[in-house]
Amino acid sequence: MDDAFFFGYGSLVNRHTHDYPDALPVTIRGWRREWRMARSLGRTFLSVVPDAGAQIDGLVARVPGNDWAALDLRETGYQRHALGAGAFARGPSRPAMIYAIAAQDADKASHTAPIKLSYLDVVVEGFDREFGAEGVARFFDTTRGWGPVLDDRAAPLYPRARPVAAHLQRLVDDRLHNLGVLRLGH
């Protein structure tokens, strides 16, 4: 049986958050990144929605032995969707799966379900490592649904939080300020 692949566009871009082999940077077309609150979980996550005119960066990685159980558990609240090889605009082209929160289970980020800053920091660290400063800029430019951000850096609530370099924290802070995103205390 051939191994399957997934496309990660958020925290899965940060290799420190997983150990999936053969991860490679790619760009796909036909999907737009968006912050969405999963009603079923009451928390806000990065998700994607179909958008014929959009392109987003991320990693494509192997799921050894087609064993989706661990990744499906990590991505609780999401549904898997097939990406055909034609979805790849840059990088190796292969059929892969992408996770998205179903529209019927989605709301906007809010004061009761804000974006966790510790989560965003980890995402930005991954984009910086894989795509450099230009990739971080593209991440912010191609992500919609910005809502209130909970500043949980001092006591992270995100389960895969990790120390992120001070210059990346400043970059995230500056980007959020420029976007006019409300920052909530913890």
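For the structure, see preceding data.
Quick notes on the overall build of the protein chain
Right, so step 1: Helix and strand counts for the protein chain come out as 3 helices and 11 strands.
Right, so step 2: Helices (α) and strands (β) of the protein chain occur, in sequence order from the N terminus, as β-β-β-α-β-β-β-β-β-α-β-β-α-β.
Right, so step 3: Since a compact globule built from 186 residues should have a radius of gyration of about 16 Å, the 16 Å found for the protein chain is in line with a globular shape.
Right, so step 4: Its C-alpha atoms give the protein chain principal-axis dimensions of about 50 × 35 × 30 Å.
Right, so step 5: Taking all 186 residues of the protein chain together, 50% fall into the buried category.
Right, so step 6: When the accessible surface of the protein chain is totalled, it reaches about 8600 Å², and 52% of it is carbon and sulfur.
Right, so step 7: Placing the 23 positive and 22 negative side-chain charges of the protein chain at their respective mean positions leaves the two points 2 Å apart.

Focus: the side chain of Lys116
Right, so step 1: One can find Lys116 in strand β8 (residues 115–116).
Right, so step 2: Buried and unpaired, Lys116 has no salt bridge, with Asp152 as the nearest side chain of opposite charge at 6.5 Å.
Right, so step 3: Residues contacting Lys116, with those up to four places away along its chain left out, are Arg43, Leu150, Asp152, Leu157 and Tyr158.

Digging into the environment of Arg160
Right, so step 1: With respect to the secondary-structure elements, Arg160 resides in the loop between β10 (149–150) and α3 (166–179).
Right, so step 2: Taking the C-alpha atoms as reference points, Arg160 and Tyr119, 41 residues apart in sequence, are found 7.6 Å from one another.

Some points on the side chain of Arg74
Right, so step 1: Here Arg74 shows up in helix α1 (residues 69–74).
Right, so step 2: With a relative accessible area of 17%, Arg74 lands in the buried category.
Right, so step 3: Filtering out sequence-adjacent residues up to four positions away, Arg74 remains in contact with Ser11, Leu12, Thr17, His18, Tyr158 and Arg160.

Remarks on unusual backbone geometry
Right, so step 1: Despite not being glycine, Asn66 has its phi angle at roughly 55°, a positive value.
Right, so step 2: Positionally, Asn66 belongs in the loop between β3 (43–63) and α1.

What to know about the sheet that holds β8
Two strands in a sheet stick together by hydrogen bonds in their backbones, pointing the same way (parallel) or opposite ways (antiparallel).
Right, so step 1: The strand order across the open sheet formed by 3 strands is β8-β10-β11, and the pairing between neighbours is parallel. At either end of the open sheet lies a strand with only one pairing partner, and these are β8 and β11 (183–184).
Right, so step 2: Across 2 bridges, the pairing between β8 and β10 is parallel. Across the sheet, the residue bridging to Lys116 is Leu150, located in β10.

What to know about the pairing of strand β1 (residues 4–8)
Right, so step 1: With respect to burial, β1 is a largely interior element, 5 of its 5 residues being buried.
Right, so step 2: On β1, burial covers both faces: Ala4, Phe6 and Gly8 on one face and Phe5 and Phe7 on the other are all buried.
Right, so step 3: Here 5 bridges tie β1 to β3, and the two strands are oriented antiparallel to one another. Bridging from a neighbouring strand, Phe5 pairs with Arg62 of β3.
Right, so step 4: In terms of strand pairing, β1 meets strand β6 (residues 96–100) through 2 bridges, oriented parallel. Bridge pairing in β6 links Phe7 to Ile98.

Some thoughts on the pairing of strand β2 (residues 24–38)
Right, so step 1: With respect to burial, β2 is a largely interior element, 11 of its 15 residues being buried.
Right, so step 2: Across 14 bridges, the pairing between β2 and β3 is antiparallel. Bridge pairing in β3 places Pro25 opposite Leu59.
Right, so step 3: With 2 bridges connecting them, β2 and strand β5 (residues 88–90) associate as antiparallel partners. Bridge pairing in β5 links Thr27 to Arg90.

Thresholds applied
Residues numbered from 1 in each chain as written. Predicted model: local features only at pLDDT ≥ 70, side-chain atom pairs only at ≥ 80, totals over all residues. Heavy atoms only, no water. Helix = DSSP H or I, 4+ residues; strand = E, 2+ residues; numbered from the N terminus. Rg over C-alpha atoms; globule rule 2.2 N^0.38 Å. Buried < 20%, exposed > 50% of the residue type's maximum accessible area, 1.4 Å probe, protein only. Areas by Shrake-Rupley, 256 points an atom, 1.4 Å probe, with all protein chains shown as cover. Lys, Arg positive; Asp, Glu negative; His and termini not counted. Charge placed at Lys NZ, Arg CZ, Asp CG, Glu CD. Salt bridge = Lys/Arg side-chain N within 4 Å of Asp/Glu carboxyl O. Contact = heavy atoms within 4.5 Å. Pairing = 2+ DSSP bridges.

In short, shape yes, function no, at least from these values alone.
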